[in-house]
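Here is what each chain is made of, one letter per residue.
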Amino acid sequence: MISMRGLEAWGGRRASERILRYYRYLFTFPSRGFMLLVILLSPSLSLSIAFSLLYGLGSLPHALSAALLGVVAPLLISDLLGMLLMRGEPFLTPRRLSIISYSSALLHPLLILASSLALLIGRPALPVRMLLFLVAVSSSLRCLVLLSLSTSPWRGLPLILLYPLSSLLLLHLSLHLSPLLLLYALIATAILMSSSLLLILIVGWRNRRTLPLLRAFALAWAEGVRDPLEEEMDRMGEAATLHIDALYLLEAHQPRAALITPYIHPGPFREVGSSVLPRMISEALQRRYGCLALIAHGVSTHDRDLTTREEVKRAVDALTSTPLPGEAAATISPPMRADRNGASALCQLFGDTALIILTLSPRSFDDLPEDLRLRIEEEASERGLRAVVVDAHNSLGDVDEMTDEDLGGLYQAAMEAVERALAAPRHPFTFGVHRVVPREWGLEEGMGPCGISALALRLEGGETYVYVVIDGNNMKSGLRERLLEAVGELDVAEAEVMTSDTHLVNAIGVTPRGYYAVGERMDERRLKEYVVEACRGALSQMTPGAAAYHRVTLPEMRTLGVKGLEAFAEILEASFSLFKKSSLLLLPLSLLSSLLLLLV
């Protein structure tokens, strides 16, 4: 039976998916040097070819001077002025100002088409009129971008007006435009710029938080500036009590390794919110105890994203300031695995602590719902156990294939694995831990700063087991099985390969889902070598140990929450829908009226 919390989590999951759909609308631009080259060449070559077709090669100097003076110079001057006026604007950097001009320059090959059409219909003035229309379109684009992305739109007003006025004036002087045609060009430009202004006003009027939220989202995505979006998230967020499970492996009563399982989702992306949580926990425990920590993905979804970096620091400080438990388990069970209809659970007992790892691999799945963890914890508690429930997060394809039946299978497999572990004998153990950080892969390839970590456990007189955590956001479907096969060649009886679900890798490049899962942009042979290297390193430094567990409870933590996720999704959907509807109404009318004014 699904609880109210489970229904809320499912609603939050759907809200996350609604937000993720907008990743596909993001795109990248070339280097600034290339864009400047296009700004220089596209208008110059296009106008030169257009004039040559109509008036012969003798018109080339005239066409080139008109393009450089009337188009290229105003674009570059606007960019230079923008660098001065927009200084301090986090999003309107010199590169992004160049993107506006670059996008405008890409329109100018239309002049060649206009020239060809002019030859067919006998309208030699058509390319010039098309050039004036392109000035109007470029001015409208500049107006739209500057008004929507500037935190102080009035600062951008000189930039909005400079380009059309300077361009039309210089084209008037170089091409000897008639006063009436110049007037028509000014009116056409005013029509298109007014449509951009009206579009901004309509979208902002629907919800006054729309533009600040979209601007903050764009800043965080494009520039890694997190503060504005965290403020918006905190405003929409809610308080919740969260937990972090810590399983320490002790050598001479001091932690040498740790398996940390936060039930805090490490998102939403880049360094916003709790995306940095795995890295910060790893660094903090290294400083506090000198131990190497594997950060697993505790069962949680995006509604458990922390809203600000300050909340992350609170969580990490609480973890490191909590004293180590006085009691430690000197014996552990072998890990026992159970499978139910493609759902797999592994359970290993450390004293009265049950480490339970869940996966649906090789089927594609994403975050498991919190309600599943709560059910498993309750059942484990009835058996006298404290459960650490890990979402292995290790199989992702094009779509999430997880169903309600899969969740039921995971629950049943977990309980069966617990029963098998309870029935198994306990033994003293040795352990080793090692980390490898591949140099050739970084966030763009889906590899987080904690790299690949391996924890090896060997029962006294018995078998060896290995847990591997790769610091990434999920894993290419099928890769987990191939990595386990490689680890098995080390005479390892049981193993699991997981990811930390770090969202530091999210929003780095433009992909359909906004990030690359582990293995999608990595050489698989080399990845296997690194995983084996980490395992060998752990196996080479085995030492007798004991296991100590404690749970850190974090009251009143600010999380994005289901309501925050839904509000975020609703604002994005409503704003995008309104933008599309308004654009479909305003842009065709304004474009058509401007075209008729200039071309007819």
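This text follows the structure it describes.
Calculation criteria
Within any chain, residue numbers begin from 1 and follow the written order of that chain's sequence. Reporting in this predicted model follows two pLDDT cut-offs: at least 70 for local features of residues, and 80 or more for side-chain atom pairs to be given and counted; totals over whole chains, interfaces and linings ignore these cut-offs and use all residues. The basis for every side-chain value is the complete set of heavy atoms in the structure, and neither hydrogens nor water enter the calculation. By definition, a salt bridge exists where a carboxyl oxygen of Asp or Glu is found within 4 Å of a side-chain nitrogen of Lys or Arg. Planes of paired rings set the category: under 30 degrees apart is stacked, over 60 is edge-to-face and the rest tilted, where pairs are Phe, Tyr or Trp rings (Trp by its six-membered ring) whose centres lie within 6.5 Å. Numbered from the N terminus, helices here are DSSP runs of H or I no shorter than four residues, and strands are runs of E no shorter than two. When accessible area is computed with a 1.4 Å probe and restricted to protein chains, residues below 20% of their type maximum are described as buried, those above 50% as exposed, and intermediate ones as partly exposed. A helix's residues, less one, multiplied by 1.5 Å, set its expected span. In this analysis, two residues are considered to be in contact whenever any of their non-hydrogen atoms come within 4.5 Å of each other. Angles here are taken between N-to-C directions and fall from 0 to 180 degrees, while the axes themselves are lines fitted to C-alpha atoms, restricted in helices to the stretch in contact. For classification purposes, an angle smaller than 35 degrees is called roughly parallel, one larger than 145 roughly antiparallel, one from 65 to 115 roughly perpendicular, and anything else oblique. By convention the crossing between two helices is left-handed if the near helix lies anticlockwise of the far one by an angle smaller than a right angle, and right-handed if it lies clockwise. The residue classification treats Ala, Val, Leu, Ile, Met, Phe, Trp, Tyr, Cys and Pro as nonpolar and Asp, Glu, Lys and Arg as charged. All others, Gly included, are polar. Patch membership is restricted to residues that have no salt bridge and whose relative accessible area is over 30%. Joining uses 9 Å for like charges and 5 Å for the nonpolar side chains Val, Leu, Ile, Met, Phe, Trp and Tyr. Each accessible area is a Shrake-Rupley estimate made with a 1.4 Å probe; only the visible protein chains count as cover when residues are assessed.

Colleague: Provide a residue-level description of the pattern of salt bridges, including the pertinent values.
Modeller: Counted under the stated rule, the structure contains 31 salt bridges. With a shortest N-O distance of 4.0 Å, R525 and D523 are connected by a salt bridge. Where salt bridges share partners, they join D245, R304, E370, R373, E377 and R551 into one cluster.

Colleague: Describe the packing of aromatic side chains, naming the residues involved and giving the relevant values.
Modeller: As enumerated under the stated definition, the model contains three aromatic pairs in all. Ring geometry for F51 against Y55: centres 5.3 Å apart, planes inclined by 85 degrees, an arrangement best described as edge-to-face. Taken together, the positions of F51 and Y55, both in helix 2 (residues 32–55) and four residues apart, correspond to about one turn of that helix. What makes Y55 partly exposed here is its relative accessible area of 42%.

Colleague: Any details on helix 5 (residues 110–121)? Residues and values, ideally.
Modeller: Taking 1.5 Å per residue as the helical rise, helix 5 with its twelve residues ought to reach 16 Å, and the 17 Å between its terminal C-alpha atoms agrees with that figure. In the core, the buried residues of helix 5 are packed alongside helix 2 and helix 6 (126–149). At the exit of helix 5 stands G122, carrying a positive phi of roughly 70 degrees.

Colleague: Which residues make up the packing of helix 2 against helix 3 (residues 60–85), and what values do they have?
Modeller: The geometry of a pair of packed helices is captured by two quantities: the angle between their axes and the separation between those axes. In the contact formed by helix 2 and helix 3, the axes pass within 8 Å of each other and the chain directions differ by 155 degrees. Judged by the inter-axis angle, helix 2 sits roughly antiparallel to helix 3. Handedness of the helix 2/helix 3 crossing: right-handed. Class assignment of the residues belonging to the contact of helix 2 with helix 3 gives a composition of 17 nonpolar, four polar and two charged.

Colleague: Mind laying out a nonpolar patch on the surface, listing which residues take part and the relevant values?
Modeller: Nonpolar side chains collect at one region of the surface, where F34, L37, L40, L41, L45, I49, L53, L64, L68 and L119 lie side by side and expose about 840 Å² of accessible area between them. Only helix 2 and helix 3 provide two or more residues apiece to the nonpolar patch. When residues in the nonpolar patch are grouped by element, the largest group, seven residues, is from helix 2.

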